[in-house]
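These are the residues of each chain, in order.
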Amino acid sequence: MAPSLRSFFYLLATFQAVTAASWNATCTSKSQRKAWNDMTATEKTAYIDAELCLMARPAQAGITGAQNRWDELDWAHIAQSNIIHNVGAFLPWHRYFMRVHEYLLQSECGYEGGQPYWNEVLDMDNLTASVVFDPDTGFGGEGSDCVTDGPFTNLTLHMNSSSTSADYCLTRSFNSNGFQTGAQTYLDECFNTTTYVDAFECYQVNPHTAGHSAVGGTMLDVVGSPGEPLFFLHHSNLDRLWWQWQQANLTARLTEMGGRNVPLTSYLEQNGMESPSSSVLDYDGDDGNATTLNHNLWMVGIMPNATIREVMDLGGDLVCAEYV
Ligand SMILES: [Cu+2]
């Protein structure tokens, strides 16, 4: 994004009523990100209400077909799914995405808490009994045509990889077996990797896939999964795992980046994705097919773009959060 446009968005953001968060200011008060199972009923209600608020707020970013803020967030992921998965930017982009979502809840929907996470490893032995699926204090349960209970009953989504005017229901179909690569032994294997490249590959393949498989339905859509509200709890948990890995050697890992910018051909084919074009890759901030701290993280006009450098420190000025 051009510097002038960036400062325009910055100015716009400063004019919004901001209570629990500020944008691009100095981080003074970190968002407290709690596990869903550690939150009070009041805190859970506040979060769910703020999510429903985003779904009801009119679109603002000028994205074709987007009817509300929720659609816009979904589109940010859909539009660039072939440059944010299976690449070095996978973890940083999703960290930034969590922050943008959290910030919208705080700045536009009066939410005062931090982005919750789903501590998935606690639920390995009994997925369907997880507190996150509670219809009264959670996100509701399954539904093969539409989710049938909880706050997101009959939630209608509008964006997918081939259309910005689709109308389809949020669906879920639980899969306990698919959840098992989120177990502690897999987390340990990832935690024990010694380079960022090994870490991101490990976290993506095992704990990341686990949460998507476990919930199923919309969550299993590699491209359109942010239509599922649990996406943000799952990816915050993944982000927490990356932060744990960073903290194991923080001095080095606050700046350790790497990996490719173009997904493997096998990955693209497996997920029906096109190879990213030079019109995108030429502007990603890197010189070649290696991800660096200069890499751009695009947010399709919802919020200003950022660089990987700016999101490396979870408690830095841009993300300004901590997992508690
Ligand atoms: Cu993703």
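Heads up: the structure comes first, above all this text.
Residues numbered from 1 in each chain as written. Predicted model: local features only at pLDDT ≥ 70, side-chain atom pairs only at ≥ 80, totals over all residues. Heavy atoms only, no water.

**Concerning helix H9 (residues 230-247)**
In this model, H9 (18 residues) spans 26 Å end to end at C-alpha, consistent with the 26 Å of a helix rising 1.5 Å per residue. Counting buried positions along H9 gives 16 out of 18 residues, so the element sits mostly inside the fold. (Helix = DSSP H or I, 4+ residues; strand = E, 2+ residues; numbered from the N terminus. Expected span 1.5 Å × (residues − 1). Buried < 20%, exposed > 50% of the residue type's maximum accessible area, 1.4 Å probe, protein only.)

**Here's the deal with unusual backbone geometry**
One non-glycine residue with positive phi stands out, namely Asn154, at about 60°. Here Asn154 shows up in the loop between helix H5 (90-108) and strand S2 (156-157). Of note, the phi angle at Val300 is positive, near 45°, even though the residue is not glycine. Within the secondary structure, Val300 sits in the loop between strand S4 (296-297) and strand S5 (306-307). Take Val300: its relative accessible area is 27%, and that puts it in the partly exposed class.

**Details of the state of the cysteines**
Throughout the structure, instances matching the rule amount to four disulfides. One disulfide in the model links Cys53 with Cys109; its S-S distance is 2.0 Å. Negative torsions about the S-S bond denote left-handed disulfides, and the value of about -80° found for Cys53 with Cys109 makes this one left-handed. On the criterion of sequence distance, the pair formed by Cys53 in helix H2 (residues 41-56) and Cys109 in the loop between H5 and S2 is long-range, its members being 56 residues apart. The partly exposed category is assigned to Cys53, whose relative accessible area is 22%. Classification of Cys109 by relative accessible area gives buried; the value is 17%. A disulfide bridge connects Cys190 with Cys202, and the sulfur atoms are separated by 2.1 Å. Taking the torsion about the S-S bond as the criterion, the Cys190 to Cys202 disulfide, at about -80°, is left-handed. Note that Cys190 is positioned in helix H7 (residues 184-191) and Cys202 in helix H8 (residues 196-215), a separation of twelve residues in sequence. The class of Cys190 is buried, set by a relative accessible area of 0%. When its relative accessible area of 9% is taken as the criterion, Cys202 is described as buried. (Disulfide = S-S within 2.5 Å.)

**Observations concerning the pattern of salt bridges**
The final tally for this structure, using the stated rule, is ten salt bridges. With its nearest N and O atoms 2.7 Å apart, the salt bridge here joins Glu72 to Arg69. Taken together, the residues Glu72 and Arg69, both in helix H3 (residues 69-78) and three residues apart, mark about one turn of the helix. Judged on exposure class, the residue Glu72 and its partner Arg69 are both buried. Across the pair Glu108 and Arg69 runs a salt bridge, and its minimum N-O distance is 2.6 Å. On the criterion of sequence distance, the pair formed by Glu108 in helix H5 and Arg69 in helix H3 is long-range, its members being 39 residues apart. What makes Glu108 buried here is its relative accessible area of 10%. (Salt bridge = Lys/Arg side-chain N within 4 Å of Asp/Glu carboxyl O.)

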